[in-house]
Amino acid sequence: MKRIAILIENMFDERELIYPYYRLLEEGYEVHLIGTEKETDYFSKTGLSEKSTYSSKEVSAKDYDGVIIPGGFSPDYMRRCKSTVDFVKDMDRENKLIAAICHGPWMMASSCDLKGRKVTSFFAIKDDLINAGAHYLDEEVVVDGNLITSRTPKDLPVFLKKIIEKLKDN
């Protein structure tokens with residue numbers, strides 16, 4: 001059974017965390033919520049809470065087939081944690097699936113080599129991605145090797161279709 005990590009921090013977008021979580025469970029994947037701290041309640045932008053399964057300092061890229069980075073303001077908090085950044089860096093080094101939506105690519109800018117890579121995101125962080133060396137495309141989903149990115153919650157269906165396709169191909 002393939003294992004998927006979904007990163008969690010305060011101020012996450014509920015749809016961008018919950019939709020992938022349940023959709024991947026539906027497909028038969030084992031899904032863990034990885035936060036800065038283990039078994040900690042993290043709160044969404046509207047106050048919904050979800051509990052982390054593990055902390056980023058106790059997981060390894062070797063344990064997972066992919067990582068999903070939801071948006072909201074949470075990616076700004078995620079990238080403040082060295083072990084979370086290192087986890088995503090290791091996933092990238094191992095060429096494992098890294099999928100980010102909305103503001104999620106903020107985390108990619110801190111942990112992946114985006115030079116020359118094609119990505120998309122919520123338009124407000126476009127300049128951050130370009131400054132990280134990425135080639136920005138305004139499309140509902142962009143796939144470049146092991147990276148899958150989307151813009152907003154309305155792109156979630158096509159985002160998850162691409163993630164599931166990629167996981168089945170590997």
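Please refer to the structure placed before this passage.
Residues numbered from 1 in each chain as written. Predicted model: local features only at pLDDT ≥ 70, side-chain atom pairs only at ≥ 80, totals over all residues. Heavy atoms only, no water.

(A) Seen up close, the sheet that holds strand β1 (residues 3–7). Sheet architecture is open: seven strands sit in the order β5-β2-β1-β6-β7-β11-β10, paired in mixed fashion. With one partner strand each, in any of the chains shown, β5 (54–55) and β10 (141–144) form the two edges of the open sheet. Against the sheet, helix α6 (residues 156–169) contacts β1, β6 (66–69), β7 (97–101), β10 and β11 (147–150), and its axis sits at roughly 180° relative to β7. (Pairing = 2+ DSSP bridges. Helix = DSSP H or I, 4+ residues; strand = E, 2+ residues; numbered from the N terminus. Contact = heavy atoms within 4.5 Å. Axes fitted to C-alpha atoms, helices over the stretch in contact; angles between N-to-C directions.)

(B) Geometry of the pattern of salt bridges. Considering all chains together, one arrives at 18 salt bridges under this definition. Residue Asp13 is joined to Lys45 by a salt bridge in which the shortest nitrogen-to-oxygen separation is 3.3 Å. Of this pair, Asp13 sits in the loop between β1 and α1 (14–26) while Lys45 is found in the loop between β3 (41–43) and β4 (49–51), placing the two residues 32 residues apart along the sequence. The network of salt bridges with shared partners includes Arg23, Glu26, Glu27 and Lys168. (Salt bridge = Lys/Arg side-chain N within 4 Å of Asp/Glu carboxyl O.)

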